[in-house]
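Survey of secondary and tertiary structure
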Amino acid sequence: MEDRYNVECCDQACTHAEAMEQVRFPDEDTLYDLTELFRVFGDSTRVRILYALSASELCVCDIAALLGLTQSAVSHQLRALKNVRLVKPRREGKTVFYALADRHVQTILAQGLDHVQEDGADRGIG
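Not measured: the values here are computed from a predicted model.

Reading the values: the criteria
- Each residue is numbered by its place in its chain's sequence as written, counting from 1.
- Only residues with pLDDT of 70 or above have their local features reported here, since the model is predicted, and side-chain atom pairs are shown and tallied only from 80 upward, although totals for entire chains, interfaces and linings are computed over all residues.
- Computation of side-chain values: all heavy atoms of the structure, hydrogens and water removed.
- For this analysis, a nonpolar core means a set of buried residues of the types Ala, Val, Leu, Ile, Met, Phe, Trp, Tyr and Cys, connected via side-chain atoms within 4.5 Å.
- Burial classes follow relative accessibility: with a 1.4 Å probe on protein chains only, a residue under 20% of its type's maximum area counts as buried, one over 50% as exposed, and anything between as partly exposed.
- Helix and strand definitions follow DSSP, with helices as H or I runs of at least four residues and strands as E runs of at least two, each counted in order from the N terminus.
- Working rule for contacts: check all heavy atoms of both residues, and any pair within 4.5 Å makes them a contact.
- Here a helix's expected span is defined as the number of its residues, less one, multiplied by 1.5 Å.
- What the arc describes is the spread of directions from the helix axis to the C-beta atoms.
- Surface patches are defined over residues having more than 30% relative accessible area and no salt bridge, joining like charges when they lie within 9 Å and nonpolar side chains (Val, Leu, Ile, Met, Phe, Trp, Tyr) when within 5 Å.
- Methods summary: accessible areas were calculated by the Shrake-Rupley approach with a probe of 1.4 Å, and residue burial reflects only the protein chains presented.
- Should a side-chain nitrogen of Lys or Arg be within 4 Å of a carboxyl oxygen of Asp or Glu, the pair is scored as a salt bridge.
- Pairing of N or O atoms within 3.5 Å defines a polar contact, subject to two protein rules: one partner must be a possible hydrogen donor and the other a possible acceptor, and residues neighboring in sequence count only if both atoms are side-chain atoms.

Topic: the nonpolar core
L50, L53, I63, L78, L81 and L86 are the most contacted members of the largest nonpolar core, which totals 21 residues. Elements represented by at least two residues in this core include exactly α2 (28-40), α3 (44-55), α4 (60-67), α5 (71-83), β3 (95-100) and α6 (103-116). With sequence-adjacent residues up to four places away left out, L86 is seen in contact with L37, V40, F41, L50, L81, A99, L100, A101 and V105.

As for α5
For an α-helix, the turn length of 3.6 residues means that residues three or four places apart are oriented alike. The end-to-end C-alpha distance of α5, which contains 13 residues, comes to 18 Å, matching closely the 18 Å that a straight helix rising 1.5 Å per residue would cover. Residues V74, Q77, L78 and L81 constitute the buried set of α5. In a view along the axis of α5, the buried residues occupy a sector of 105°, so they form one face of it. Pointing more than 90 degrees away from the buried face of α5 are the exposed residues S72 and N83. Residues of α5 that are buried sit in contact with α2, α3, α4, β2 (87-92) and β3. Following α5 by one or two positions, R85 has its phi on the positive side, about 60°.

Points about a nonpolar patch on the surface
A cluster of nonpolar side chains, Y51, L113 and V116, forms an exposed patch at the surface whose accessible area comes to about 300 Å². Position of V116 relative to the elements: it lies in helix α6.

Regarding the environment of S56
Assignment of secondary structure puts S56 in the loop between α3 and β1 (58-59). Take S56: its relative accessible area is 36%, and that puts it in the partly exposed class.

Structural notes on the pattern of salt bridges
Inspection of the entire model under this criterion finds 3 salt bridges. R90 is the salt-bridge partner of E57, the closest N and O atoms lying 2.6 Å from each other. Residue E57 is found in the loop between α3 and β1, and its partner R90 is found in strand β2; the two are separated by 33 residues along the sequence. Judged by relative accessible area, E57 falls into the partly exposed class, the value being 34%.

Let's talk about α2
End to end, α2 covers 19 Å across 13 residues, agreeing with the expected 18 Å (1.5 Å per residue, within 8%). For α2, the set of buried residues is E36, L37 and V40. Relative to the axis of α2, the buried residues are bounded by an arc of 105° and lie together on one face. Relative to its buried face, α2 has exposed residues pointing more than 90 degrees away, namely E28, T35 and F38. Contact partners of the buried residues in α2: α3 and α5. Among the residues of α2, the N-terminal cap falls to D27, whose side-chain oxygen and the backbone nitrogen of D29 are separated by 3.0 Å.

Below, the structure written as structure tokens:
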């Protein structure tokens, strides 16, 4: 069984200057925005909303019915998703439809799903 709580460490303290010179961090504002983006993915309700929107544009009522939540709860989650530009609204009369903001969001979801569904053999398990 994989011991995913132990992390292998170096036997002695050392650094590799050549490798470290390759690292170029984005500016602090960009790192903050990236952190906020990934934080939003830390909630299963928001991920379920994104997953539903990856199949079709939906209104708040549709999302609430699919997830078994109140419209208020869905609106709260959509606000968080909109704040990090993962979803975009479109008004049609009195109804507001939501869709994924762009293809990047679809790609993030698809690659994340691929990653968690990888066969254990691909991760060196078994």
